[in-house]
Amino acid sequence: MATYENLLLDLNNGILTITINRADKLNALNIETIREIKNAIQQVYDDEDVKGAIFTGAGQKAFVAGADISEIAELSELNARSFAERGQEVFAMIERCNKPVIAAVNGFALGGGCELAMACHMRVASENARFGQPEVNLGVIPGYGGTQRMTQLIGKGKAMELMMTGDMITAEEARALGLVNHVVPQEDLLLKCNEILGKIMGKAPLSIGLVIECVNAVFNKDENGYQTEANSFARCCSSEDFVEGTTAFLEKRKPAFKGL
Ligand code: COA
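Residues numbered from 1 in each chain as written. Predicted model: local features only at pLDDT ≥ 70, side-chain atom pairs only at ≥ 80, totals over all residues. Heavy atoms only, no water.

A. Layout of the pattern of salt bridges. Under the definition given, this model contains ten salt bridges. A salt bridge links E161 to K158; the shortest N-O distance between them is 3.4 Å. Of the two residues, E161 and K158 are both situated in helix α6 (residues 156-165); the distance of three residues between them amounts to about one turn of the helix. Taking the relative accessible area as the measure of exposure, K158 reaches 39% and is therefore partly exposed. (Salt bridge = Lys/Arg side-chain N within 4 Å of Asp/Glu carboxyl O. Helix = DSSP H or I, 4+ residues; strand = E, 2+ residues; numbered from the N terminus. Buried < 20%, exposed > 50% of the residue type's maximum accessible area, 1.4 Å probe, protein only.)

Now the structure itself:
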């Protein structure tokens, strides 16, 4: 069982809430926290009791205010590359997770914080949340997948503007851009995320995992997403949950999925 210095983990009703817990540093991601996030997301993959996950930040001010600038300041070219690759690998694990992962963005989501949120399958923000990629102010660029995922999520023109100006945008502006799915009062944030995950958890788990895989396939230029979809569709049709889902519909009752 992994131990955590910078994260709080809470498993409730199948939902693992992972809280980045460095509130005095606005939950900035130091290297140790990235390592811990890797262990936590590995638990989401491996633990059968975990059906979905939420990432959020401790306190009411910040989700994550970026990678830890005191560590970035010390990077040389050589270790900067592996620094970026390590973070990218962890965030790719989140993106590819076969169980739903939601970012509950409770305040500043800047730099690596915005990148963490974008690696999740969807984002719900509190009204006070602020998003941005301010790396150009420091003489760097996003390094944890931000240039790629922001462009995927909001399109090239807006992504170029946000990443070149380093501007911060409000939760409502982020919603209008499609960066955020919902904006809610801060006191309702976790409730809303739990509600969405609760709804998803009522569906066939295999279908959910394959929806994630197929949607991600859109952005993999080496993969034929239509083929991935057809294969996944066929896979569903050989599952027990498919028999249960279709039978329940015909018998006019609610399906009881087993994840088989
Ligand atoms: N890395 C390391 N420490 C950070 C941090 C980061 N990304 N963001 C905030 N902190 C620390 C501050 O240094 C400060 O620590 P201190 O109390 O020991 O001095 C503490 O968190 C509180 O931040 P502070 O700047 O005093 O809060 P604020 O309300 O005045 O401003 C922000 C909030 C988010 C606007 C500001 O902290 C900020 O611009 N942070 C950096 C954002 C960024 O550039 N992220 C991308 C990094 S690649």
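B. Seen up close, the packing of helix α1 (residues 31-46) against helix α3 (residues 77-96). Put simply, α1 and α3 touch, their axes get as near as 10 Å, and they point 25° apart. One element, α1, and the other, α3, form an angle in the roughly parallel class. Where α1 crosses over α3, the two elements pack in a sense that is left-handed. Counting all contacts with α1, which are made through I31, I34, I37, K38, I41, Q42 and Y45, the residues of α3 involved are F83, R86, G87, E89, V90, F91, M93, I94 and R96. For the contact of α1 with α3, the residue count by class is ten nonpolar, two polar and four charged. (Axes fitted to C-alpha atoms, helices over the stretch in contact; angles between N-to-C directions. Parallel < 35°, antiparallel > 145°, perpendicular 65-115°, else oblique. Left-handed = near helix turned anticlockwise from the far one by under 90°. Contact = heavy atoms within 4.5 Å. Nonpolar A, V, L, I, M, F, W, Y, C, P; charged D, E, K, R; others polar.)

C. Broad picture of the environment of I18. Within the element layout of this structure, I18 appears in strand β2 (residues 15-20). By relative accessible area, which is 0% here, I18 ends up buried. Distance in space between the C-alpha atoms of I18 and I37 is 8.4 Å, their sequence separation being 19 residues. Leave out the neighbours within four places in its chain, and I18 touches L7, L8, L9, A40, V44, I54, F55 and T56.

D. Region of interest: the site of the ligand. Among the 17 residues in the neighbourhood of the ligand, the closest are listed as K25, K61, A65, A67 and I69. Taking D24, its main chain carries an N or O atom lying 3.5 Å from an oxygen atom of the ligand. A distance of 2.6 Å separates an oxygen atom of the ligand from a polar atom in the side chain of K61. Considered on its own, the ligand offers 860 Å² of accessible surface; in the complex 59% of this is hidden by protein. If you list the elements that add at least two residues to the shell around the ligand, you get α2 (69-72) and β6 (108-110). Of the residues assigned to the shell around the ligand, the class counts are ten nonpolar, two polar and five charged. (Near = heavy atom within 4 Å. Polar contact = N/O pair within 3.5 Å; in protein donor to acceptor, adjacent residues only side chain to side chain. Areas by Shrake-Rupley, 256 points an atom, 1.4 Å probe, with all protein chains shown as cover.)

E. Quick peek at the packing of aromatic side chains. As enumerated under the stated definition, the model contains two aromatic pairs in all. For the pair F91 and Y144, a centre-to-centre distance of 5.4 Å together with 70° between the ring planes defines the contact as edge-to-face. On the criterion of sequence distance, the pair formed by F91 in helix α3 and Y144 in the loop between β8 (130-132) and α5 (146-154) is long-range, its members being 53 residues apart. The burial state of F91 is the same as that of Y144; both residues are buried. Taken together, the ring pairs in this structure connect F83, F91 and Y144 into an aromatic cluster. (Phe/Tyr/Trp six-rings, centres within 6.5 Å; stacked < 30°, edge-to-face > 60°.)

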